[in-house]
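For reference, the chains in residue letters:
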Amino acid sequence: MRTVTLHPDQIYTGPLILVNARHPLRDPVQPYLVPPDSRYPQITMERQAARLLSAALQAADPDGAIVPVSGWRSQAQQQAIWDDTLKTEGEVFTRQYVALPGCSEHQTGLAMDLALAAPEIDFIRPHFPQDGVCGLFRQLAARYGFVQRYRRHKEPLTGIAEEPWHFRYVGVPHARLMEENDLCLEEYRDFVRGNRPVCRLENGQTAQVTYLLCPQEPWDIPLPDGRCQISGDNVAGFFLTVWRDIP
Ligand SMILES: [Zn+2]
């Protein structure tokens, strides 16, 4: 059996990191960034997230009516957005719709704000309706590993108002498990710890997710055969995902 050595500081990296006001981004390494839409080369995301967003947009919206508005942001850019919004919209609005600098998912490279193309696009609250191509994208998003991150009924948990335009890459099968069980990322860790869920995938495989609490020291863990992925949670441990063929 293979083993892998996990280091305590690895809990701050990976596609499942929870970044919010209580859990600031801790990984100082800027991700490898690429644009998901070649029409907007300055709007970028982490490479794998960009590849899958591109595929989801191609499937839902081949004519390109959906446009990216804001992807990866540096700390300085997030600070500037915070300062500008505070100045023009006031504190209540800013706290509802703009994450504190250092606590924004946009700084991970795993989030993208999307809009329906229009002559004027609101940068802080882009229009991304429930119907038409945007609705179709929403239906397909989980299949490509994306979730609508901020929903109205989860506001007490996320601390952010509903944002129909903000999509977060978590990967398959996590997006499907979150969607099917009505979970936000704040709830996902406890769900996985309690359930060790198994997801049946469209390609005929299953994916099982387990949670591992990280000890203080580097730690060797055995890996089962087959494809495995380990992601930190930015809180206290790791998600281990194992893909298996269904016999
Ligand atoms: Zn956003």
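Please read all numbers here as calculations on a predicted model, not as lab measurements.

Peer 1: What is the right way to read the packing of helix α1 (residues 47-60) against helix α4 (residues 132-141) from this model?
Peer 2: To describe two helices that pack against each other, one gives the angle between their axes and the distance between the axes. Following both chains from N to C, one finds α1 and α4 inclined at 130 degrees, their axes separated by 9 Å at the closest point. Between α1 and α4, the angle falls in the class oblique. Here α1 runs over α4; the crossing is right-handed. Taken together, the residues of α4 that come into contact with α1 (itself represented by L53, A56, L57, A59 and A60) are V133, L136, F137 and L140. Looking at the contact of α1 with α4, its residues break down into nine nonpolar, no polar and no charged.

Peer 1: What should I look at first to understand the pattern of salt bridges in this one?
Peer 2: Pairs can form between side chains of opposite charge whenever their charged atoms are close. Counted by the stated rule, this structure contains eleven salt bridges. The partner of E105 in a salt bridge is R168, with the nearest N and O atoms 2.7 Å apart. Taken together, the residues span a long stretch of sequence, with E105 in the loop between α3 (91-97) and β5 (111-116) and R168 in strand β7 (residues 163-169) at a distance of 63 residues. A network of salt bridges, in which partner residues are shared, links E105, R149, R168 and E186.

Peer 1: Even after reading the chapter, I still don't get the pairing of β5, so can you show me in this structure?
Peer 2: Looking along a regular strand, one sees the side chains alternate between the two faces of the sheet. Across the six residues that make up β5, a large majority, five, are buried. Here strand β4 (residues 66-70) pairs with β5 via four bridges, running antiparallel. The residue bridging S70 from the neighbouring strand is D113, located in β5. Here β5 pairs with β7 via three bridges, running antiparallel.

Peer 1: Even after reading the chapter, I still don't get the coordination of the zinc ion, so can you show me in this structure?
Peer 2: Six octahedral donors around a metal ideally sit at 90 or 180 degrees from one another, while four tetrahedral donors ideally sit at 109.5 degrees. Taken together, H106 (NE2), D113 (OD), D113 (OD) and H166 (ND1) make up the protein donors of the zinc ion, found 2.0 to 2.8 Å from the metal. Between the four donor atoms coordinating the zinc ion, the angles at the centre fall across 52 to 153 degrees, so the site counts as irregular. Coordination of the zinc ion draws on donor residues from a single chain, spaced H-x6-D-x52-H in sequence. For the pair H106 and D113, a shared accessibility class is recorded, and that class is buried.

Peer 1: Help me understand the sheet that holds β7, please; the structure alone is not making it clear to me.
Peer 2: Hydrogen bonds between backbone groups are what pair the strands of a sheet, and the pairing can be parallel or antiparallel. The strand order across the open sheet built from four strands is β4-β5-β7-β6, with neighbouring strands paired in antiparallel fashion. Because the sheet does not close on itself, it has two edges, and the strands there are β4 and β6 (146-150). For this sheet, the mean inter-axis angle between neighbouring strands, taken without regard to orientation, is 45 degrees.

Peer 1: Just to check I follow, could you spell out the packing of aromatic side chains for this structure?
Peer 2: What describes a pair of aromatic rings is the distance from one ring centre to the other and the angle between the planes of the rings. Following the criterion strictly, the structure yields nine aromatic pairs and no others. Both rings, one in Y211 and one in F239, keep their centres 5.4 Å apart while their planes meet at 70 degrees; by these two values the pair is edge-to-face. Note that Y211 is positioned in strand β9 (residues 205-213) and F239 in strand β12 (residues 237-245), a separation of 28 residues in sequence. With respect to class, Y211 is no different from F239; both count as buried. Among the aromatic residues, those joined into a cluster by ring pairs are Y188, F191, Y211 and F239. The ring of Y32 has R47 lying over it, and the distance from NZ or CZ to the ring centre is 4.0 Å. Across from the ring centre of Y97, 4.9 Å away, lies the NZ or CZ of R125, which sits over that ring.

Thresholds, definitions, all that
Residues numbered from 1 in each chain as written. Predicted model: local features only at pLDDT ≥ 70, side-chain atom pairs only at ≥ 80, totals over all residues. Heavy atoms only, no water. Axes fitted to C-alpha atoms, helices over the stretch in contact; angles between N-to-C directions. Helix = DSSP H or I, 4+ residues; strand = E, 2+ residues; numbered from the N terminus. Parallel < 35°, antiparallel > 145°, perpendicular 65-115°, else oblique. Left-handed = near helix turned anticlockwise from the far one by under 90°. Contact = heavy atoms within 4.5 Å. Nonpolar A, V, L, I, M, F, W, Y, C, P; charged D, E, K, R; others polar. Salt bridge = Lys/Arg side-chain N within 4 Å of Asp/Glu carboxyl O. Buried < 20%, exposed > 50% of the residue type's maximum accessible area, 1.4 Å probe, protein only. Pairing = 2+ DSSP bridges. Donors = N, O, S within 2.8 Å, 3.2 Å for Na, K, Ca; no water. Tetrahedral: all angles 85-135°; square planar, octahedral: opposite > 155°, others 65-115°. Phe/Tyr/Trp six-rings, centres within 6.5 Å; stacked < 30°, edge-to-face > 60°. Lys NZ or Arg CZ within 6 Å of the ring centre and 35° of its normal.

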